[in-house]
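Chain by chain, the residues run as shown.
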Amino acid sequence: MNKHIKLSPLLGGFAAIAVLTLLLVIYSLTRPVTIVGTKNISIDVAYEDGTKEHYETTTEAQFLLEATESIPDLKIEGNTSDEFGLMITAINGTSADYQKDHAYWAILLDGEPCSYGISQQPIKDKETYTFQYTSAKEEAAKP
Amino acid sequence: MKPLPKLTTNELVRDALLAAILFVSQVSLAWISNVELVSLLLILYTLVFKKHVWLILYVFIVLEGLVYGFGLWWFSYLYVWPILPAAVFLFIRVTPPKPFVISILSGIFGMLFGLFCALSYLVLAGPGAAFIWWTAGIPFDIVHGIGNFVLSLILFSPLYRLLTALNRI
């Protein structure tokens, strides 16, 4: 008996189309849904030492990054990749770069971790976001 | 115990050169997101140089880590890239293989690359984080798959002829 499976052009073509279709369906079901219009959102920045800064903005933006850009006192820095957008490394000069500081800026929506990064997180009216300084040690200590 | 097969000097130098070509191809196309020649070259190396592909591949992976840093993505490379030579050994039984079949294999691998990488997030951060990470990158996986398909369709035949001729020297 031949133990090897031969990939024929027809079978391969069907397999490729099936994979592509599956990816498109999953993406269309899970992609971030944006809302057009004016939103009022609150943003808190929670630093390592427990201090907090509070900001509010009224924006037409559809994603969190654009909303933060409308707040002059909130300075967000990071590295941008095509795939994931901005990866935050510092907020208002406080660095939380995982490679250097073993810490990161977690993004919370109404206290719960967001599903997307700052560039892809869609915003809605009356939401409250928190940028939480999170060290790798604290994260590891969680049950 | 069966002794380990020894590499000749010629094979060692050739494998090192092929690993360098693999690495240079990755670096030179790094500016185009998710378009790469690594998949096609790995398929070619597997078809022409058989089990030597494993040495070439792991030299390439170590080089990637040394240059870009040993992040989580690097650990996923340890098991994601070997899937491609394994698939070639398993599925490609015709010599010379049809370029369309190779392109299909390369395209499917590109489309599933993010899913394979997400397995490391599954272990470290749980199924929710792994799923979100994977789905956020699906458009890029599709670009990866289409890029792999097109590049393989164009370049497989000439490169296969070139490498088989070099292997006979």
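This text goes with the structure placed above it.
Bear in mind that the values here come from a model prediction, so they are computed numbers and not experimental data. (Residues numbered from 1 in each chain as written. Chains lettered and ligands numbered in written order. Predicted model: local features only at pLDDT ≥ 70, side-chain atom pairs only at ≥ 80, totals over all residues.)

## Notes on the interface of chain B and chain A
Buried accessible area, meaning the area lost when the parts come together, often serves as the stated size of an interface. Under the convention used in this document: Any pair of residues counts as being in contact when their C-beta atoms, constructed from backbone geometry, are within 7 Å of one another. Note on conventions: DSSP H or I runs of at least 4 residues are helices, E runs of at least 2 residues are strands, and numbering of each starts at the N terminus. Three categories are distinguished: nonpolar for Ala, Val, Leu, Ile, Met, Phe, Trp, Tyr, Cys and Pro, charged for Asp, Glu, Lys and Arg, and polar for the others, with Gly belonging to the last.
The partner chain A presents 21 residues to the 23 residues of chain B that form the contact. For the side of chain B that touches chain A, the secondary structure elements donating two or more residues are α5 (83-91), α6 (99-125), α7 (127-136) and α8 (138-168) of chain B. A per-element tally of the side of chain B that touches chain A places α6 of chain B first, with eight residues. Taken together, the residues of the side of chain B that touches chain A break down into 16 nonpolar, four polar and three charged.

## Some words on the sheet that holds strand β7 (residues 112-113) of chain A
Residue and element names in this part refer to chain A. Rules: Strands qualify as paired when DSSP identifies two bridges or more between them.
Pairing is mixed in the open sheet, where five strands are placed in the order β2-β1-β8-β6-β7. Among the strands making up the open sheet, the edge pair consists of β2 (52-59) and β7. Here strand β1 (residues 39-46) runs beside strand β8 (residues 128-135); their pairing, made up of five bridges, is parallel. Residue pairing across strands places Ile-43 opposite Tyr-129, the latter belonging to β8.

## Examining the pairing of β1 of chain A
The pairing of β1 of chain A with β2 of chain A spans eight bridges and is classified as antiparallel. By the bridge assignment for β2 of chain A, Val-45 of chain A is matched with Glu-53 of chain A.

## Side note on the packing of helix α1 (residues 9-28) of chain B against helix α3 (residues 52-68) of chain B
Residue and element names in this part refer to chain B. Quick note on the threshold: For helices, the fitted axis covers only the stretch in contact; all axes are lines through C-alpha atoms, and the angles between them, taken along N-to-C directions, range from 0 to 180 degrees. Roughly parallel covers angles under 35 degrees, roughly antiparallel covers those over 145, roughly perpendicular covers 65 to 115, and oblique covers all other angles. Helix crossings get a hand from a simple test, with the near helix turned counterclockwise from the far one by less than a right angle marking a left-handed crossing and a clockwise turn marking a right-handed one.
Where α1 contacts α3, the axes come no closer than 9 Å and their chain directions differ by 45°. The angle between α1 and α3 places the two elements in the oblique class. Crossing of α1 over α3 shows right-handed handedness. Of α3, the residues touching α1 (which contributes Glu-11, Asp-15, Leu-18, Ala-19, Leu-22 and Phe-23) are His-52, Leu-55, Ile-56, Val-59, Phe-60 and Leu-63. Class assignment of the residues belonging to the contact of α1 with α3 gives a composition of nine nonpolar, one polar and two charged.

## Overview of the nonpolar core
Applied cut-off: Note on definitions: a nonpolar core is a set of buried residues drawn from Ala, Val, Leu, Ile, Met, Phe, Trp, Tyr and Cys, linked by C-beta atoms within 7 Å. The burial label depends on the number of other C-beta atoms within 10 Å of a residue's C-beta. Counts of 20 or more mean buried, 12 or fewer mean exposed, and intermediate counts mean partly exposed, with C-beta atoms placed from the backbone.
Grouped together as the largest cluster of nonpolar side chains are 44 residues, with contacts concentrated most on Leu-42, Ile-43, Ile-56 and Leu-105 of chain B. Secondary-structure elements contributing two or more residues to this core are α1 (9-30) of chain A together with α1, α2 (38-49), α3, α4 (72-80), α5, α6 and α8 of chain B. Of the residues forming this core, the biggest block, eleven residues, is contributed by α6 of chain B. Contacts of Ile-43 of chain B, omitting those with residues within four sequence positions, involve Leu-84, Val-88, Ile-102, Leu-105 and Ser-106 of chain B. Counting 15 residues, the second-largest nonpolar core is a separate cluster that includes Ile-41, Leu-65, Ile-123 and Phe-131 of chain A.

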